[in-house]
Amino acid sequence: MDNDTGEADGNGAPTDFIRDIVRADLAAGRHGGVVTRFPPEPNGYLHLGHAKSICLNFGIAQEFDGRCHLRFDDTNPAKEEQEFIEAIQRDVRWLGFDWGDHLHYASDYFAQLFAWAEGLIEAGKAYVDDLPVDEMRAYRGTVTEAGRNSPFRDRDVAENLDLFRRMKAGEFPDGARVLRAKIDMASGNMNMRDPVLYRILHSAHPRTGTAWCIYPNYDFAHGQSDAIEAITHSLCTLEFADHRPLYEWLLENIAVPSQPKQYEFSRLNLSHTVLSKRRLTQLVDEGRVDGWDDPRMPTVSGMRRRGVPAAAVRDFISRLAITRNDGQVEMAMLEHCIREQLNVAAPRRMAVLRPLKVVIENYPEGKSEALVAQNHPGNPDMGTREIPFGREIYVERDDFMEDPPRKFFRLGPGREVRLRYAYFITCNEVIKDASGEVVELRCSYDPETKGGNAPDGRKVKGTIHWVSAQHAVPSEVRLYESLFNSEEVPGGDDFLDDINPNSLEVLPQVWLEPALAELSVGQTVQFERMGYFCADLSSKEDALVFNRALGLRDSWAKIKGKS
RNA sequence: UGGGGCGUAGCCAAGUGGUAAGGCAUCGGGUUUUGAUCCCGUGAUUCGCAGGUUCGAUCCCUGCCGCCCCAACCA
């Protein structure tokens, strides 16, 4: 897994309203230092939206010489799993961030949280409610109508305490009662209408096992966890802005050790894909993709498997800017960042994806020779390698046209092209099968053009890649396109109808130059003229599999498209 | 119709009283043994709309319009 170029990401120190706040707070001496946290719920894999939050939180900690905690918001055992806890840590590390010894879990604080809840009850600020879910919903009112007080709202402290402790002791079934904060059923902010703080859930927790059968919900766990860890700036996405008054209410009404502040920024939306855990989970569970790390997934693990360098993800995020605007970033922006990293880092190789056999008639039978090729034309430090050449080679089917248009610079009857790092060849004869399909080309080469230059100074317009048939190594190659057709994927369950049926194309027999057989899993190279490719996890010595991370920019496709 | 947010080029976005940065995309042109890379050039008389304040407004005020989020014992 070493796609990282080690290059500096982006350019210049990022600036945004949150960093402005941090800077001002530090300048005013409001904190000893900045402490942030990335708080994922372990109920799925991390995606690019999380990457934005990770880069923001860890990035600020780095820039201001503070620290960033990794804290699992594991308050809902019904949905959370150990597998996700591990995958998340792997992904954060791969992105290049380190939480040091600050790996925390909201579940570490269950005992403290419980004690604080008791305190709230004693202060008359929380009560146990017996209302069934649907009734509680009815009592909550609507967005335009105030709610009504629950008939259980005025239970006395002793009864509340007793009931709450019995909830903890497991005396009641799931859903029988909840603990609620006593705030204001008429608030315009739904979150302040006596929000639920604890619910009964007889469900084993990945970390605390069966020690608990009541669990705090997000609102009761998050802010207090921040306070326990002395988080200074608690950064979250915009949909939590409405929770801020509750976040603050809890911090004011509980004797917490510190007073963190919450700030919201807009979440990332990317064209041609979905960035919601619910929908990504559905794609995985319904088998629409090959798991969370399917290279078409916008997950961190999907990017990694596809061959995208972590530096490209970081660079992409750094170009986004942190704001409160809703918007959708074009996939082209991500692709640009990927190409920029890979163009510099990826060694060049040759592979023929859709083979067409070429026999070089004037090249001696049985002869072969080693030709020298650069590993990176723009970077001599990456060295050279030898590529075997012989009488029979494969070239790309798309590099031959029987009746080529004026602007086509590749092979055609009677045309001469350069074989990259090899010789000029001229097409003399086209061989077809019974159905009229071209199956082979008969060509001649010019021995004087070895290496690719003609001593007589004559030029060719096209240079194509090739692989010696005798030495070629077979491989499977998977080409990916965007998972969804629409720039803006439709909401609801309609998103499934928008799945691109051609998002995966498997090429069963691709011919590789021999050097490619030595590539280890996770390394990304450029197949010249074809794009960037990465050896897949499933790749075996005798059954190589490559994923295309991304194609090269293709101006020929545009020219062709216009005519 | 309650509460909370947001509106600067196709996309992301700086600027927040002195006359519209940058990146991506697009479209031109040059270099090139990858139609890649690289290099150069290319777009807002205008900042959601309408009024107002001001010598001057994207920036201040008023009104309007549009979009997003909130009625889980999810996070």
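Look up: the structure comes first, before these words.
Calculation notes
Residues numbered from 1 in each chain as written. Chains lettered and ligands numbered in written order. Predicted model: local features only at pLDDT ≥ 70, side-chain atom pairs only at ≥ 80, totals over all residues. Heavy atoms only, no water. Phe/Tyr/Trp six-rings, centres within 6.5 Å; stacked < 30°, edge-to-face > 60°. Helix = DSSP H or I, 4+ residues; strand = E, 2+ residues; numbered from the N terminus. Buried < 20%, exposed > 50% of the residue type's maximum accessible area, 1.4 Å probe, protein only. Near = heavy atom within 4 Å. Polar contact = N/O pair within 3.5 Å; in protein donor to acceptor, adjacent residues only side chain to side chain. Nonpolar A, V, L, I, M, F, W, Y, C, P; charged D, E, K, R; others polar. Disulfide = S-S within 2.5 Å. Salt bridge = Lys/Arg side-chain N within 4 Å of Asp/Glu carboxyl O. Core = buried A, V, L, I, M, F, W, Y, C linked by side-chain atoms within 4.5 Å. Contact = heavy atoms within 4.5 Å. Pairing = 2+ DSSP bridges.

Enquirer: I'd like a rundown of the packing of aromatic side chains, residues and numbers included.
Expert: Taken as a whole and assessed by the stated rule, the structure comprises 22 aromatic pairs. Consider the rings of Tyr423 and Tyr445, whose centres lie 4.8 Å apart with planes at 85 degrees: the pair is edge-to-face. Taken as a pair, Tyr423 in the loop between β16 (416–419) and β17 (424–432) and Tyr445 in strand β18 (residues 438–445) lie far apart in primary sequence, 22 residues in all. Given the relative accessible area of 9%, Tyr445 is considered buried. Summarising the aromatic geometry, the rings of Phe484 and Phe495 are spaced 6.1 Å apart at their centres and angled 35 degrees between planes, so their arrangement reads as tilted. Linking Phe484 in the loop between β21 (473–480) and β22 (504–512) with Phe495 in the loop between β21 and β22, this pair joins segments that are 11 residues apart in sequence.

Enquirer: Give a detailed account of unusual backbone geometry, specifying residues and quantitative values.
Expert: One non-glycine residue, Asp65, lies in positive phi territory at about 60 degrees. With relative accessibility at 71%, the residue Asp65 sits in the exposed group.

Enquirer: Lay out the protein's contact with RNA strand B in plain terms, naming residues and giving numbers.
Expert: If you check the shell around RNA strand B, you find 65 residues, and the closest are Arg348, Arg410, Arg420, Gly451 and Ser555. Each atom of RNA strand B within 4 Å of the protein was classed as base or backbone; sugar and phosphate made up 64%. Ser555 places a polar side-chain atom, nitrogen or oxygen, 2.3 Å from a sugar or linking oxygen of RNA strand B. Elements with a contribution of two residues or more to the surface near RNA strand B: α5 (133–140), β6 (196–200), α11 (310–320), α12 (331–345) and α13 (555–562). Partitioning the surface near RNA strand B into residue classes produces 22 nonpolar, 21 polar and 22 charged.

Enquirer: Lay out the state of the cysteines in plain terms, naming residues and giving numbers.
Expert: Evaluated as defined, the whole model comprises 0 disulfides. Left without a disulfide partner, Cys236 is nearest to the cysteine sulfur of Cys68, which lies 14 Å away. We classify Cys236 as buried; its relative accessible area is 10%. With no disulfide of its own, Cys443 lies closest to Cys427 among cysteine sulfurs, the gap being 4.6 Å.

Enquirer: With reference to specific residues and values, describe the pattern of salt bridges.
Expert: Scanning the model with the defined rule gives 44 salt bridges in all. Where Arg177 meets Asp130, a salt bridge forms, and the shortest distance between an N and an O atom there is 2.8 Å. Taken as a pair, Arg177 in the loop between α6 (157–168) and β5 (178–181) and Asp130 in the loop between β4 (126–129) and α5 lie far apart in primary sequence, 47 residues in all. Bridged by salt links that share partners, the residues Asp290, Asp293, Arg305, Glu476, Arg478 and Asp536 form one connected network.

Enquirer: How would you summarise the nonpolar core if you had to cite specific residues and measurements?
Expert: The tendency in soluble globular proteins is for nonpolar side chains to be buried side by side. In this structure, Val92 and Phe316 are the most contacted members of the largest nonpolar core, which totals 41 residues. Of all elements in the fold, only α2 (48–63), β2 (67–72), α3 (82–94), α10 (300–306), α11, α12 and β25 (544–550) reach the threshold of two or more residues within this core. Beyond its immediate stretch of four places on either side in the chain, Phe316 contacts Leu268, Leu270, Val329, Met333, Leu334 and Cys337. Counting 37 residues, the second-largest nonpolar core is a separate cluster that includes Trp116, Leu120, Tyr198 and Ala221.

Enquirer: Break down the sheet that holds β22 for me, citing the residues and quoting the values.
Expert: Pairing within the open sheet is mixed, and its 7 strands lie in the order β10-β23-β24-β25-β21-β22-β11. Of all strands in the sheet, those bounded by a partner on one side alone are β10 (348–349) and β11 (351–352).

Enquirer: Account for the pairing of β18, naming residues and giving values.
Expert: Note: strand β12 (residues 355–360) against β18, 4 bridges, orientation parallel. Within β18, the residue paired with Lys357 across the bridge is Glu440. Where β17 lies against β18, 7 bridges are found, and the strand directions are antiparallel. Its bridge partner being in β18, Glu429 is matched across the sheet by Arg442. Turn length for the β17-β18 hairpin, with the two strands adjacent in sequence and antiparallel, is 5 residues, and the turn residue Gly436 shows positive phi of about 90 degrees.

Enquirer: Lay out the sheet that holds β18 in plain terms, naming residues and giving numbers.
Expert: One open sheet accounts for 7 strands, arranged β19-β16-β17-β18-β12-β15-β20; its pairing is mixed. The strands lining the two open edges of the sheet, one partner per strand, are β19 (463–464) and β20 (466–468).

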